[in-house]
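Per-entry structural report
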Amino acid sequence: MRKPLPIGVDNFKKVIKEYYYNDKSMLLKELLDLKGEVNLFMSVPGYREKGGYTDRRV
Amino acid sequence: MVILIDEYDVPLENAYFRGFYGQMVDFIRSLFESVLKTNVYLQFAVITGCLRISKESIFTGLNHLKIISVLDRQYSEYFGFTEQEVQRMMADYGVESRFTVMKEWYDGYMFGDREVYNPWSVINYLYDLRTNIDAFPRPYWVNTSSNDIIKDMVYKADRETKGHIETLLEGGTLEVPVHEEITYEDMHSRGGNLWNFLYFTGYLTKKSESFRNSSIFLQLRIPNVEVKTIYQNTIMGWLRQTIEKQDFRDLYHAMEEGDAEKMQDILGGLLFSTISFYDSVESFYHGFLAGILSQSQDYLVKSNRESGSGRSDLMVKSPSLRGRSFILELKISEHIDNLGKDADRALEQIYEKKYREKLRAEGYRKIDCYGISFYRKDCEVRFGKRLEG
């Protein structure tokens, strides 16, 4: 049985223990190596789960 | 000290809609200054947000700020799932047979020069597929806060804008110069801003880019089916409302001036944007015209659909008997070539059945009439003889 998908779960500890995830941790190393002190990521709002799918949140 | 600030723009957005944007900008600027600029303990900071507020207003003096946007090449996989990642996830859940649908619906974002999938939608569709492998795809990306902004902008859009959106919906592209810095306040001021905003908020993605006259130009397109459904379901609906509001004033103006040609243009434009061919039954056109005309506060619209009532299809009357009144008779043509003949026939019916005389009996003195014929999305308008005195 596959681990469940972490929809609406934002507790990191819980996610890595109990849920399925796609590990992108090494991107952080890349970012740290660049030595940029303040990094501003301009993302896309459709990617936010906020307000996007409330009926599955408890 | 490591500082992580997620969605720095959300308070700004809320403040913008609640009328204290200026104060919120001041607050966040001074917060960022003390935390990110003059803070000797700071080693590393990551801030995320969607809309870039111009540097002058928020990031004053943050010289060491590194901005990573959807335009940057090397960070594409930070913003979403790559195709390999999506394939692996689907295989892990045993739903890889639905890959084509996944790609069609949720792929298509070009960040830098790589395509990525919308991660939020991928996870949600995966969730649905896991319980039912035949689950239909649907737009999971709805009701984000930026929809409010887009709604606001689209309400102010004109016909040209709508034409561009139609081009995009048909799979076409649109070329615009990039303005990377948009503030909430100047969002409405420059023409290209709507497209830039749609691009930076993910409603459009780039197909290619070019550089000329010292500016970057982007060829923009709708990224995938998911986003296309958002345009169809919401944006086009808002547009329609906006245009109808603009047009009914013009339509009344043309009707008062006796400008049949102008009326025909406006009605033709509205028919083009509002109906499909399935709608071309008589009652539809009647309701369509009555609906537009009844938006006026200056006239009363009386609609008679029952045949043999001895009244015209539509009567438009000013509340005062000294004001103007109009009779409109509608005909549905069976062929495009009959439009002219049928519009004339409508006028003749007005004269023969003495519709004008009935209005005069009510007390009106300035009575004009129009015969209008429809065939699918075309129409013809004829201005009739006035009955005066």
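Residues numbered from 1 in each chain as written. Chains lettered and ligands numbered in written order. Predicted model: local features only at pLDDT ≥ 70, side-chain atom pairs only at ≥ 80, totals over all residues. Heavy atoms only, no water.

Focus: the overall build of chain A
Secondary structure assignment for chain A yields 2 helices and 1 strand. When the elements of chain A are put in sequence order from the N terminus, they spell out α-α-β. With 58 residues in all, chain A has 40% of them scored as buried. Element-wise, carbon and sulfur atoms account for 55% of the exposed surface of chain A, whose accessible area totals about 3,800 Å². (Helix = DSSP H or I, 4+ residues; strand = E, 2+ residues; numbered from the N terminus. Buried < 20%, exposed > 50% of the residue type's maximum accessible area, 1.4 Å probe, protein only. Areas by Shrake-Rupley, 256 points an atom, 1.4 Å probe, with all protein chains shown as cover.)

Remarks on the sheet that holds strand β8 (residues 215-221) of chain B
Residues and elements named next belong to chain B. Strand order in the open sheet formed by 3 strands is β6-β8-β7, and the pairing between neighbours is antiparallel. With one partner strand each, in any of the chains shown, β6 (174-177) and β7 (205-212) form the two edges of the open sheet. Across this sheet, the average inter-strand angle for adjacent strands is 25°, counted without regard to direction. (Pairing = 2+ DSSP bridges. Axes fitted to C-alpha atoms, helices over the stretch in contact; angles between N-to-C directions.)

Quick word on the pattern of salt bridges
Residues and elements named next belong to chain B. Applying the stated rule across the entire model yields 15 salt bridges over all chains. We note a salt bridge from K317 to E362, for which the minimum N-O separation is 3.1 Å. Placement of the pair is K317 in strand β10 (residues 314-317) and E362 in helix α13 (residues 355-362), with a sequence separation of 45 residues. Put simply, D344 and R382 hold a salt bridge, and the shortest N to O gap is 2.7 Å. Taken together, the residues span a long stretch of sequence, with D344 in helix α12 (residues 339-352) and R382 in strand β13 (residues 378-383) at a distance of 38 residues. Look at D344 and you get partly exposed, because its relative accessible area is 32%. Under the relative-accessibility criterion, R382 is labelled partly exposed at 24%. Salt bridges sharing partners connect three or more residues here, namely E83, K103 and D107. (Salt bridge = Lys/Arg side-chain N within 4 Å of Asp/Glu carboxyl O.)

Regarding the sheet that holds strand β1 (residues 2-5) of chain B
Pairing between the strands of a sheet comes from backbone hydrogen bonds, and it takes one of two forms, parallel or antiparallel. In spatial order, the strands read β1(B)-β2(B)-β1(A)-β3(B); together these 4 strands make up an open sheet with parallel pairing. One side of each edge strand has no neighbouring strand; the edge strands of this open sheet are β1 and β3 (65-68) of chain B. Adjacent strand axes in the sheet meet at a mean angle of 15° when their direction is disregarded. Sheet contacts for helix α2 (residues 26-33) of chain A: β1 (38-42) of chain A together with β2 (44-49) and β3 of chain B; angle to β2(B), the most-contacted strand, approximately 115°. (Contact = heavy atoms within 4.5 Å.)

Some words on the confidence of the model for chain A
Of the residues in chain A, 72% have a pLDDT of 70 or more, and the chain-wide mean is 74. Throughout residues 49-58 of chain A the model reports pLDDT below 50, and contacts reaching past four residues in sequence, or to other chains, amount to 20 contacts. (pLDDT = per-residue confidence, 0-100.)

Examining the nonpolar core
Residues and elements named next belong to chain B. If you look at the biggest cluster of nonpolar residues, it comprises 30 residues, and the most contacted ones within it are W195, L204 and Y231. For this core, the secondary structure elements donating two or more residues are β2, β4 (109-111), α7 (159-169), β6, α8 (193-200), β8 and α9 (225-257). Ranked by the residues each element gives to this core, the list is headed by α8, at 5 residues. Not counting residues up to four positions away in its chain, the partners in contact with W195 are T161, H164, I165, L168, L174, V176, L204 and L220. (Core = buried A, V, L, I, M, F, W, Y, C linked by side-chain atoms within 4.5 Å.)

A closer look at a positive patch on the surface
Residue and element names in this part refer to chain B. Taken together, K302, R311, K353 and K358 make up a surface patch of like positive charges. With respect to the secondary-structure elements, K358 resides in helix α13. The class for K358 is partly exposed, based on a relative accessible area of 39%. (Patch = residues over 30% accessible without salt bridge, like charges linked within 9 Å, V, L, I, M, F, W, Y side chains within 5 Å. Lys, Arg positive; Asp, Glu negative; His and termini not counted. Charge placed at Lys NZ, Arg CZ, Asp CG, Glu CD.)

Some thoughts on the pairing of β8(B)
All names here are of chain B. As paired strands, β6 and β8 are joined by 4 bridges and run antiparallel to one another. When the bridges of β8 are listed, P177 appears paired with F217. The sheet contact formed by β7 and β8 spans 7 bridges and is antiparallel. In the strand pairing of β8, E209 is matched with L218. Between the end of β7 and the start of β8, which pair antiparallel, lie 2 residues, with N213 showing a positive phi angle near 50°.

Considerations on the side chain of B:R221
Residues and elements named next belong to chain B. Considering the arrangement of structural elements, one finds R221 in strand β8. It is E115 that comes nearest to the buried, bridge-free R221 among opposite-charge side chains, at 4.6 Å. From its side chain, R221 meets the backbone oxygen of G108 in a polar contact 3.5 Å long. Separated by 3.3 Å, the side chain of R221 and the backbone oxygen of P223 make a polar contact. Setting aside residues no more than four positions away along its own chain, R221 makes contact with G108, L168, G172, T173, L204, T205, K206 and K207. (Polar contact = N/O pair within 3.5 Å; in protein donor to acceptor, adjacent residues only side chain to side chain.)

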